[in-house]
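For reference, the chains in residue letters:
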Amino acid sequence: MNPYILSTLLFGLGLGTTITFASSHWLLAWMGLEMNTLAIIPLMAQHHHPRAVEATTKYFLAQATGAAMLLFASTTNAWLGGQWDIQQMSHPLPVTLVTLALALKVGLAPLHSWLPEVLQGLDLTTGLILSTWQKLAPFALLLQIQTPNSTLLIALGLASTLVGGWGGLNQTQLRKILAYSSIAHLGWMVLIMQFSPSLTLLTLVTYLIMTFSMFLVFKLNDSTNINALAISWAKAPALTSLTPLILLSLGGLPPLTGFMPKWLILQELTKQDLATTATLAALSALLSLYFYLRLSYAMTLTMSPNNTAGTTPWRLPSLQITMPLAVTTTATLLLLPLTPLTTALLTL
């Protein structure tokens, strides 16, 4: 892609998210979300492959539906309460509609079915943008809505953690596995949103770091399925030994960074007398852990001649810049000791 066009589109992506962050009026927030969608569509379709075009079309339809629903909900709110302000939503009908519209935009269950299909049709770089940057603007709006309907958020959160766990079990494509992982992590964030918004932000930041790290690993290895991952030890032996730790951090095992948000969320849910919800969320994390372990097994515990079918690649020097991968991997593995500082900041 022409670098001028690419920089214009990336500027549009950044501007759309920034407008949504800065807005207090529903029309301005909607405009930011639309700019975001329109800026990423050419990036998704840039390879002119039928799968990429199909993924782009699905993404456009899902986002357009979410945006139309959001606009309808904000207009209904203005009609019922005479307010266009994001934080002044009082009537339960527009609040519920906005929550569902934003759930569709980020891919929360049961409005998630577009996300694995879209991510599977994209290259890893655009998939990374879709899994990280594109979640920020809708989450900023979700955090601003003072929702009285707590049952809806808990239902969306639990459904997402369960669907994210179940959906990834029989997948062999890495991008679909990452999509279901994304759905499960979003479920954890929504589950705690009304009780501790700062904890939702912490979970979002750790999710962004871990997902960034995982996408960069797959990009460096040029892997899109489990078979390609199984022969990556020939390409980057040191990275192959670190990748299972990144996967286990995504699964939420101590003493890795991914354990911190899950631990604090379960603690907060128990404080709110939601022990059953906390138990279900913890059990659903086991489902996700299973497919992370499956990837770890395929990558590091299968040695020739017992590895999965695949041709060992040439060990050519990678042209990819490895500094972002080094920084995010370090953060993914080593931030758990900062938990006391984090909890102190959350209580401020």
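Residues numbered from 1 in each chain as written. Predicted model: local features only at pLDDT ≥ 70, side-chain atom pairs only at ≥ 80, totals over all residues. Heavy atoms only, no water.

Under an unreviewed UniProt entry, the name given to the protein is NADH-ubiquinone oxidoreductase chain 2, and the organism recorded is Mesocottus haitej. Taken directly from UniProt, the Catalytic activity (unreviewed entry) text for the protein runs: "a ubiquinone + NADH + 5 H(+)(in) = a ubiquinol + NAD(+) + 4 H(+)(out)". Its UniProt record gives the protein the following Subcellular location (unreviewed entry) comment, quoted word for word: "Mitochondrion inner membrane". (UniProt positions renumbered as here; feature names shortened; annotations may be inferred.)

Draft legend 1. Structural context of the domain arrangement of the protein. Each assigned domain of the protein is listed here: domain 1 (1-147) and domain 2 (149-309 + 320-347). Spacing between the C-alpha centres of domain 1 and domain 2 amounts to 23 Å. At the interface, 29 residues of domain 1 touch 32 residues of domain 2. Its largest share of buried area at the contact with domain 2, domain 1 owes to Gln120, Leu124 and Phe139, together 23% of the area lost on that side. Note that Glu117 is salt-bridged to Lys176, the shortest N-O span being 3.4 Å. Summed over the shared surface of domain 1 and domain 2, the result is six residue pairs in polar contact (both at pLDDT 80 or more). Among the elements of the structure, helix 4 (92-106), helix 5 (114-120), helix 6 (124-131) and helix 7 (133-144) are those that each provide at least two residues to the side of domain 1 that touches domain 2. Partitioning the side of domain 1 that touches domain 2 into residue classes produces 16 nonpolar, ten polar and three charged. (Domains from an automatic or database assignment. Contact = heavy atoms within 4.5 Å. Buried area = accessible area lost by both parts, 1.4 Å probe. Salt bridge = Lys/Arg side-chain N within 4 Å of Asp/Glu carboxyl O. Polar contact = N/O pair within 3.5 Å; in protein donor to acceptor, adjacent residues only side chain to side chain. Helix = DSSP H or I, 4+ residues; strand = E, 2+ residues; numbered from the N terminus. Nonpolar A, V, L, I, M, F, W, Y, C, P; charged D, E, K, R; others polar.)

Draft legend 2. The packing of helix 6 against helix 10 (residues 197-221), seen in detail. Their axes nearest at 10 Å, the elements helix 6 and helix 10 cross at an angle of 175 degrees. The orientation of helix 6 with respect to helix 10, classified from their angle, is roughly antiparallel. Contacts between helix 6 and helix 10 involve Leu124, Thr125, Gly127, Leu128 and Ser131 from the former and Tyr207, Thr211, Phe212, Phe215, Phe218 and Lys219 from the latter. Residues that form the contact of helix 6 with helix 10 fall into these classes: six nonpolar, four polar and one charged. (Axes fitted to C-alpha atoms, helices over the stretch in contact; angles between N-to-C directions. Parallel < 35°, antiparallel > 145°, perpendicular 65-115°, else oblique.)

Draft legend 3. Highlighting the nonpolar core. Membership of the largest hydrophobic core comes to 50 residues, with the highest contact counts inside it found for Ile40, Tyr59, Val118, Leu130, Met214, Val217 and Phe218. No other element matches helix 10, which puts seven residues into this core. Setting aside residues no more than four positions away along its own chain, Phe218 makes contact with Leu124, Leu174, Leu178, Ser223 and Leu229. Counting 30 residues, the second largest nonpolar core, distinct from the first, contains Ile86, Met89, Leu102 and Leu108. (Core = buried A, V, L, I, M, F, W, Y, C linked by side-chain atoms within 4.5 Å. Buried < 20%, exposed > 50% of the residue type's maximum accessible area, 1.4 Å probe, protein only.)

Draft legend 4. Structural context of helix 6. Within helix 6, seven of the eight residues are buried, which leaves it mostly tucked inside the rest of the structure. If you check which residues of helix 6 are buried, you get Leu124, Thr126, Gly127, Leu128, Ile129, Leu130 and Ser131.

Draft legend 5. Quick peek at empty space enclosed by the protein. Summed over the entire model, instances satisfying the criterion amount to four cavities of 30 Å³ or more. The space that makes up the largest cavity amounts to roughly 100 Å³. Going through the elements one at a time, helix 2 (26-44), helix 3 (50-81), helix 4 and helix 7 are the ones with two or more residues in the lining of the largest cavity. Per-class residue counts for the lining of the largest cavity are six nonpolar, four polar and two charged. By volume, the second largest cavity is sized at about 50 Å³. Lining the second largest cavity are Thr161, Ala184, His185, Trp188, Leu250, Gly251, Lys262, Ser284, Ala285, Ser288 and Tyr292. Listed by contribution, the elements that provide at least two residues to the lining of the second largest cavity are helix 9 (174-192), helix 12 (237-251) and helix 14 (275-300). Of all the elements, helix 14 adds the most residues to the lining of the second largest cavity, at four residues. (1 Å grid on protein atoms, 1.4 Å probe; cavity = no way out; pocket = protein on both sides within 12 Å on 5 of 7 lines; lining within 4 Å. Points joined across faces, edges and corners; volume = space filled by probe spheres on them.)

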